[in-house]
Amino acid sequence: MTRIAVLVSGGGTNLQALIGARDRGELGGGELAAVISSKADAYALERAKNAGIPGYVVARKDYDSNRAMTQALVSRLKELNIDLVVLAGFMHILTEEMVHAYPNAILNVHPALIPSFCGAGYYGLHVHEKALAYGVKVTGATVHFVNEEPDGGPIVLQKAVDILPGDTPEVLQRRVMEQAEWHILPQAVALFCQGRLSVEGRIVTINKGE
Ligand code: GAR
């Protein structure tokens, strides 16, 4: 069974979507083995507790750099025998130590259609502010493998979402979550756990199930 750790920093609605999929038996047999938060007061930890998943804090503020935090995270993940790391609203850039420890075994959900509105500085509500300011008519969400480049790893799944007249960043964020993120993140995790993803360079192939 694939042991999954979900890394979070905030509200944890994507974590909740993973918990829902697990409860419906739709996580490809993966086990939600740990939730690790970069903030001690993240509501995501409450969601983990309610779902019976062990919660841990590796607080960014306790480390001098992203590298030191990443090293602490890798040690914790290895102690917990984690096979798949899922970044679900994790708001810090992990350094290369994480990618070396988990090659093609880290999934991230990003609230835009990569390669638009992504990279350093594009996180959370800012992504939607920038999409609205640019005037695009369609946005969406992407689940991708994590490599050394922020938001630059091979793409697993994407889903488009319309931008509507009068949208605020908050309204658009909610629509992107409801119509895209909460669906494609559990789907991608299930595909990984079923061993159906193969990666060659930038290209991810989804293989047929049994
Ligand atoms: C989600 O929209 C997620 O895609 C985004 O932050 C939000 C977290 O919400 N992540 C990033 O921007 C990472 N670059 P949640 O805590 O309710 O899942």
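Here we summarise the structure given alongside this text.

Criteria and thresholds
- All chains use their own residue numbering, which begins from 1 and follows the written sequence.
- Under the rules for a predicted model, residues below a pLDDT of 70 receive no local features and side-chain atom pairs below 80 are neither given nor counted, while totals for whole chains, interfaces and linings still include all residues.
- Think of the side-chain values as coming from all heavy atoms in the structure, minus any hydrogens and water.
- Salt bridges are defined by distance alone: a side-chain nitrogen of Lys or Arg within 4 Å of a carboxyl oxygen of Asp or Glu.
- The numbering of helices and of strands both runs from the N terminus, where a helix is a DSSP run of H or I of at least 4 residues and a strand a run of E of at least 2.
- For every residue, the accessible area obtained with a 1.4 Å probe (protein chains only) is divided by the maximum for its type, and the residue is called buried under 20%, exposed over 50%, and partly exposed between those limits.
- Residue contacts follow a heavy-atom distance rule, with two residues in contact if any of their heavy atoms lie within 4.5 Å.
- Every axis in this analysis is a line fitted to C-alpha atoms, fitted for helices over the stretch in contact. Angles between the N-to-C directions lie between 0 and 180 degrees.
- Geometric relationships in this document are graded by angle, where less than 35 degrees denotes roughly parallel, more than 145 denotes roughly antiparallel, 65 to 115 denotes roughly perpendicular, and other angles denote oblique.
- Crossings are assigned a handedness: left-handed for a near helix turned anticlockwise from the far helix by less than a right angle, right-handed for a clockwise turn.
- For this classification, the nonpolar set comprises Ala, Val, Leu, Ile, Met, Phe, Trp, Tyr, Cys and Pro, the charged set comprises Asp, Glu, Lys and Arg, and every other residue, Gly included, is treated as polar.
- Working rule for helices: expected span equals 1.5 Å times residues minus one.
- Throughout, the arc means that of the directions going from the helix axis to the C-beta atoms.
- Of the two site types, the cavity is a set of points on a 1 Å grid over the protein atoms alone where a 1.4 Å probe fits but cannot get out, and the pocket is an open set with protein on both sides within 12 Å along at least five of seven lines, each lined by residues with an atom within 4 Å of a point.
- Grid points are joined across faces, edges and corners, and a volume is the space filled by probe spheres set on the points.
- Whether two strands pair depends on DSSP finding at least two bridges between them.
- Seen with its strands pointing away from the viewer, a crossover is right-handed when the path leading from the first strand over the helix to the second is clockwise.

Tallied over the full model, the rule gives nine salt bridges. For R3, the salt bridge is made with E31, and the minimal N-O distance between the two is 3.6 Å. One end of the pair, R3, is in strand β1 (residues 3-8); the other, E31, is in strand β2 (residues 31-37), and 28 residues separate them in sequence. Note on R3: relative accessible area 25%, which makes it partly exposed. A salt bridge links E26 to R24; the shortest N-O distance between them is 3.1 Å.

With that out of the way, let us pick up the side chain of S37. Mapped onto the fold, S37 is located in strand β2. With residues up to four places along the chain from it excluded, the contact list for S37 reads V8, S9, A42, L45, Y56, V57, V58 and A59.

Interaxial distance between helix α1 (residues 13-23) and helix α2 (residues 43-50) falls to 9 Å at its minimum, and their mutual angle equals 15°. The pairing of α1 with α2 is recorded here as roughly parallel in orientation. α1 and α2 meet at a crossing whose hand is right-handed. Here T13, L15, Q16 and I19 of α1 come into contact with α2, specifically with A44, R47 and A48. Taken together, the residues that form the contact of α1 with α2 break down as four nonpolar, two polar and one charged.

The end-to-end C-alpha distance of helix α3 (residues 66-79), which contains 14 residues, comes to 20 Å, matching closely the 20 Å that a straight helix rising 1.5 Å per residue would cover. Within the span of α3, buried status applies to M69, T70, L73, V74 and L77. Taken around the axis of α3, the buried residues stretch over an arc of 140°, which confines them to a single face. Looking at the packing, one finds that the buried side of α3 touches β1, β2, β4 (84-87) and α4 (96-101). Where α3 ends, the next residue or the one after it, N81, has phi of about 55°, a positive value.

Turning our attention to the layout of surface pockets. Gaps between atoms show up when a probe of the same size as a water molecule is rolled over them. Here the largest pocket defines a volume of roughly 710 Å³. Considering the residues around the largest pocket, the lining is formed by 37 residues, among which G89, F90, M91, N108 and Y123 are closest to the centre. For the lining of the largest pocket, the secondary structure elements donating two or more residues are α1, β5 (106-110) and α6 (169-193). For the lining of the largest pocket, the residue count by class is 16 nonpolar, 16 polar and five charged.

What follows covers the pairing of β2. Most of β2 sits out of view: six of its seven residues are buried. In this sheet, β2 lies alongside β1 in parallel orientation, the contact comprising six bridges. Among the inter-strand pairings, V6 is bridged to a residue of β2, identified as V35. What joins β1 to β2 is α1, and the crossover it makes is right-handed. In this structure, β2 lies alongside strand β3 (residues 55-57), joined through three bridges in parallel fashion. Bridged to V35 within β3 is G55. Regarding topology, α2 serves as the crossover connection from β2 to the parallel β3, and that connection is right-handed.

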